[in-house]
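Residue-level structural notes
Spelled out from the first residue to the last, the chains are:
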Amino acid sequence: MGNGMSYETFVGRMSEGFDVPLDIKGAALGLAGEAGEVADAVKKAFYHVKDGHSIDPLEFREHLGEELGDTLFYLTWLAFSFLGRDLESIQNQNRAKLG
């Protein structure tokens, strides 16, 4: 973040403004829903092209980036708020597991 705030802190502060507090079930369902939107964007871009119409690559990349950002938000929320970990520590754990 440009202001020196970590993304984890930003996500935590954003969650304070929600009308309904997000518990682990809500965060996990949010992550699953956003991952589904990533898959849906790819499906629509490549399998719903009809009558010779093609997708606009820039528009597709922009939309996919937005959906990935939403997915990152929930992933970060789960890691930081419920595990007390940042994404780098989870990346390191995953690298060690995968060898």
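Residues numbered from 1 in each chain as written. Predicted model: local features only at pLDDT ≥ 70, side-chain atom pairs only at ≥ 80, totals over all residues. Heavy atoms only, no water.

This paragraph deals with a negative patch on the surface. Taken together, the side chains of Glu37, Glu62, Glu66 and Asp70 define an acidic patch exposed on the protein surface. Ranked by residue count, the leading element in the negative patch is helix α3 (residues 57-83), at three residues. Within the secondary structure layout, Glu37 lies in helix α2 (residues 24-47). (Patch = residues over 30% accessible without salt bridge, like charges linked within 9 Å, V, L, I, M, F, W, Y side chains within 5 Å. Areas by Shrake-Rupley, 256 points an atom, 1.4 Å probe, with all protein chains shown as cover. Salt bridge = Lys/Arg side-chain N within 4 Å of Asp/Glu carboxyl O. Lys, Arg positive; Asp, Glu negative; His and termini not counted. Charge placed at Lys NZ, Arg CZ, Asp CG, Glu CD. Helix = DSSP H or I, 4+ residues; strand = E, 2+ residues; numbered from the N terminus.)

It is worth spelling out α3 at this point. Working note: α-helix, 3.6 residues per turn, so residues spaced by three or four point in the same direction. Under the 1.5 Å per step criterion, the end-to-end length of α3 is 37 Å for 27 residues, consistent within 8% with the ideal 39 Å. Within α3, burial applies to Phe60, Leu64, Glu67, Thr71, Phe73, Tyr74, Thr76, Trp77, Leu78 and Ala79. Where α3 is buried, its residues meet α1 (7-16), α2 and α4 (87-98). The distance from a side-chain oxygen at the start of α3 to the backbone nitrogen of Leu58 is 3.0 Å, and the residue carrying that oxygen is Asp56. (Expected span 1.5 Å × (residues − 1). Buried < 20%, exposed > 50% of the residue type's maximum accessible area, 1.4 Å probe, protein only. Contact = heavy atoms within 4.5 Å. Polar contact = N/O pair within 3.5 Å; in protein donor to acceptor, adjacent residues only side chain to side chain.)

Attention now moves to a nonpolar patch on the surface. A surface patch of nonpolar side chains, about 480 Å² in accessible area, is lined by Val42, Phe46, Tyr47, Val49 and Ile55. Looking at where Val49 falls in the secondary structure, it is placed in the loop between α2 and α3.

This part covers the environment of Arg85. Topologically, Arg85 is positioned in the loop between α3 and α4. Spatially, the C-alpha atom of Arg85 lies 9.0 Å from that of Glu8, the residues being 77 residues apart in sequence. Residues in contact with Arg85, not counting those within four places in the same chain, are Ala79, Phe80, Ile90 and Gln93. Here the side chain of Arg85 touches Gln93 through a polar contact of 2.8 Å, side chain to side chain.

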